[in-house]
Amino acid sequence: MSEVALLDSVITFLAKPLGSFIDGRPALDEQAGVSEIINPANEQVIARVQDATAVQVDAAVAAASRAFKGSWAQTSPYLRGVLLNKLADAIEQHGEELAQLEALNSGKAINVARGLEVAQSVVFLRYFAGWTTKINGESITPSLPSMAGEQYTAFTRREPVGVVAGIVPWNFPLLIAVWKLGSALATGCTIVLKPSEFSPLSLLRLVELATEVGIPDGAINVVTGAGKVGQWLTEHGEVRKVSFTGSVPTGIAVGAAAMKSKLTRVTLELGGKNPAALLADVNIDDVVPGLVMTAFTHQGQICASPERIYVHRSRIDELEQKLGAALAGLKIGSPLDESVQFGPLANKAHYQKIASYFERMGDGQVVVTGGRTVGDKGYFVEPTLLRASSPDDLFLTEETFGPIVCLLAFDSDEELIELLNDTPYGLGASLWTNDLSKALRMIPRIESGTVWVNMHTFLDPAVPFGGSKSSGIGREFGSAFIEAFTELKSVMIRY
Ligand code: ADP
């Protein structure tokens, strides 16, 4: 099948001078450094984006601060919801444009860009829009005895924390930015977003749309560039909260820097080494499509994707054979080809990391399928399935963040619980079984922010999401995000 034709609007956007977007307009600076944005499918430069300077980071925080105290504070909760819904409408209207930018910039298969990244951005934004009118404190009856006829009453207010820094990784640049800006704007905060230096394009288009639909200038700002820019933001004295999604080492550095700055609030959504467990009763034919989807969508570059699969010994040969065959049948190719299921890795550094893992394979594991890079142009690799013989195997312990899944047999439920928890991480885990009674007994014993049953990496805006152990601090979505983006103020009155 041939590639989809690029829209004129995409071609025009890519040719523009791009850079930070501050106070409702592009903030370009002739003196700024420029990063080349690479299409991972063919290694060609598709756009040039200026790196933000320290002065621009200050300007972005100042604009967000003005909007926080001014225009956004004066926008009623009802109107905030209307505006977030208008932005969701705009994402729908420009859905193909945003999906093409995503496919070009991060190598996401166009159907995944349309059906997951863009479609879910709309769903999540509408969910956050619904919260704007429902953020309240509570009224409290004080407990102490009153003095000489006095009365006391008390209530709490949920007040927006202030200017938020949203630091976004390269895997889902649009959707993760929407999580952060939706949470911030719904609670009355304003935000400065920093996309990954590898994949800033779809967010830079989104922020233009935000201005077009009438979101006040300064409520959403974007500063572009590498880690240094994120560090300036994290350490900025006027930033009251950092919402970070990314790797564990960077997350720990960001958390420490934020605390050291001014006890800046922080939510960290980090990586993991997520397990899936197939109990003895599963129907392997039912499970295989779900595992392929959850572990190999966007080439496995999803923080909650399973990388280790524990399978009851009685079923592991069948799973190995059927999952291996399904992976070998995936169509690898250009993300702009609608029949392709598996595009390139998102950037060169990550490709080199996965290639180095390929070189370390075969020492202790059986390579069931995959394990090689593909072609000599673009960052393509094969979806890869390994089978290990020891729980200490490198591929059962180190996060690859790529399309590499490793199987291990288990014999008893007790052994399985130990294997699931034998990791410093705890983002997501899944149980695959028809025995729901057994699953319900195991769930409290699994150390993980989310446990899925007969599904995995299924993110719903109504269900809190985040990591336990080294996979993060705090929760996004549900009502849990409100706590993270507001301060609780207590008011006590004597009368
Ligand atoms: P990955 O390796 O998946 O890109 P990182 O955790 O390194 O993940 O990056 C996630 C985001 O954090 C990116 O936007 C990156 O530029 C940013 N970043 C990197 N280093 C820092 C830092 N020291 N402070 C703040 N942000 C950073």
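Residues numbered from 1 in each chain as written. Predicted model: local features only at pLDDT ≥ 70, side-chain atom pairs only at ≥ 80, totals over all residues. Heavy atoms only, no water.

- Under an unreviewed UniProt entry, the name given to the protein chain is Aldehyde dehydrogenase family protein, and the organism recorded is Pseudomonas alkylphenolica.
- Taken verbatim from the UniProt record of the protein chain, the Sequence similarities (unreviewed entry) comment is "Belongs to the aldehyde dehydrogenase family." (UniProt positions renumbered as here; feature names shortened; annotations may be inferred.)

### Quick look at the pattern of salt bridges
Then, number 1: Here the structure, examined in full by the defined rule, presents 32 salt bridges.
Then, number 2: One salt bridge in this structure joins lysine 16 and glutamate 208, with 2.6 Å as the shortest N-O distance. Taken as a pair, lysine 16 in the loop between α1 (8–15) and β1 (20–22) and glutamate 208 in helix α7 (residues 201–212) lie far apart in primary sequence, 192 residues in all.
Then, number 3: For glutamate 208, a relative accessible area of 14% puts it in the buried group.
Then, number 4: One salt bridge connects glutamate 159 with arginine 157, and the closest N-O pair in it is separated by 2.6 Å.
Then, number 5: By sharing partners, the salt bridges in this structure join Lys16, Glu97, Arg205, Glu208 and Glu212 into a single network. (Salt bridge = Lys/Arg side-chain N within 4 Å of Asp/Glu carboxyl O. Helix = DSSP H or I, 4+ residues; strand = E, 2+ residues; numbered from the N terminus. Buried < 20%, exposed > 50% of the residue type's maximum accessible area, 1.4 Å probe, protein only.)

### Let's talk about the packing of aromatic side chains
The relative placement of two aromatic rings is captured by the distance of their centres and the angle of their planes.
Then, number 1: Applying the stated rule across the entire model yields 11 aromatic pairs.
Then, number 2: With a centroid separation of 5.5 Å and 40 degrees between ring planes, the pair formed by tyrosine 351 and tyrosine 379 is classed as tilted. Of this pair, tyrosine 351 sits in helix α12 (residues 348–359) while tyrosine 379 sits in the loop between β15 (373–374) and β16 (380–381), and the two are 28 residues apart along the sequence. Across the pair, exposure class does not vary: tyrosine 351 and tyrosine 379 are buried alike.
Then, number 3: One aromatic cluster in this structure is built from Phe124, Trp179, Phe465 and Phe477.
Then, number 4: Above the face of the phenylalanine 172 ring, lysine 108 is positioned so that its terminal group lies 4.1 Å from the ring centre.
Then, number 5: Across from the ring centre of phenylalanine 485, 5.0 Å away, lies the NZ or CZ of lysine 241, which sits over that ring. (Phe/Tyr/Trp six-rings, centres within 6.5 Å; stacked < 30°, edge-to-face > 60°. Lys NZ or Arg CZ within 6 Å of the ring centre and 35° of its normal.)

### Some remarks on unusual backbone geometry
Then, number 1: Its identity as a non-glycine residue notwithstanding, histidine 298 has a phi of 50 degrees, on the positive side.
Then, number 2: Here histidine 298 is to be found in the loop between α10 (284–296) and β13 (306–312).
Then, number 3: Histidine 298 sits in the buried class, given a relative accessible area of 1%.
Then, number 4: Located in the positive-phi region is phenylalanine 477, a residue other than glycine, with phi close to 70 degrees.
Then, number 5: Considering the arrangement of structural elements, one finds phenylalanine 477 in the loop between β21 (472–473) and α16 (480–485).

### Describing the site of the ligand
Then, number 1: Neighbouring residues of the ligand: 18 residues in total, closest Val168, Trp170, Lys194, Glu197 and Ser247.
Then, number 2: One of the side-chain nitrogen or oxygen atoms of lysine 194 is found 2.9 Å away from an oxygen atom of the ligand.
Then, number 3: About the coverage of the ligand: the protein hides 79% of its 560 Å² of free accessible area. (Near = heavy atom within 4 Å. Polar contact = N/O pair within 3.5 Å; in protein donor to acceptor, adjacent residues only side chain to side chain. Areas by Shrake-Rupley, 256 points an atom, 1.4 Å probe, with all protein chains shown as cover.)

### Some remarks on the sheet that holds strand β20 (residues 450–453)
Then, number 1: Strand order in the open sheet formed by 7 strands is β14-β17-β18-β13-β12-β19-β20, and the pairing between neighbours is mixed. What marks the edges here is a single partner per strand, and that holds for β14 (365–369) and β20. Each adjacent strand pair in this sheet contributes to an overall mean axis angle of 25 degrees, direction not counted.
Then, number 2: The strands touched by helix α11 (residues 316–328) within the sheet are β12 (274–278), β13, β14, β17 (384–388) and β18 (404–410), with β17 carrying the most contacts at an inclination of about 160 degrees. (Pairing = 2+ DSSP bridges. Axes fitted to C-alpha atoms, helices over the stretch in contact; angles between N-to-C directions. Contact = heavy atoms within 4.5 Å.)

### Describing the UniProt feature "domain: Aldehyde dehydrogenase" (unreviewed entry) in the protein chain
Then, number 1: As annotated by UniProt and renumbered to match this structure, "domain: Aldehyde dehydrogenase" (unreviewed entry) occupies residues 34–491.
Then, number 2: The straight-line gap between the two end C-alpha atoms of residues 34–491 is 50 Å; of that span, 40% is helix and 22% is strand.

### Some remarks on the domain arrangement of the protein chain
Then, number 1: The domain architecture assigned to the protein chain consists of domain 1 (8–270 + 472–491) and domain 2 (274–462).
Then, number 2: A separation of 30 Å is found between the C-alpha centroids of domain 1 and domain 2.
Then, number 3: Taken residue by residue, the interface counts 32 residues in domain 1 and 30 residues in domain 2.
Then, number 4: Across the domain 1/domain 2 interface, buried area totals approximately 2,500 Å², and carbon plus sulfur atoms make up 65% of it.
Then, number 5: Taken together, the links from domain 1 to domain 2 amount to 1 salt bridge.
Then, number 6: With a shortest N-O distance of 2.8 Å, arginine 114 and glutamate 338 are connected by a salt bridge.
Then, number 7: Our count for the domain 1 to domain 2 interface comes out at 9 residue pairs in polar contact (both at pLDDT 80 or more).
Then, number 8: Contributions of two or more residues to the side of domain 1 that touches domain 2 are made by α4 (95–106) and α5 (110–131).
Then, number 9: The leading source of residues in the side of domain 1 that touches domain 2 is α5, at 9 residues. (Domains from an automatic or database assignment. Buried area = accessible area lost by both parts, 1.4 Å probe.)

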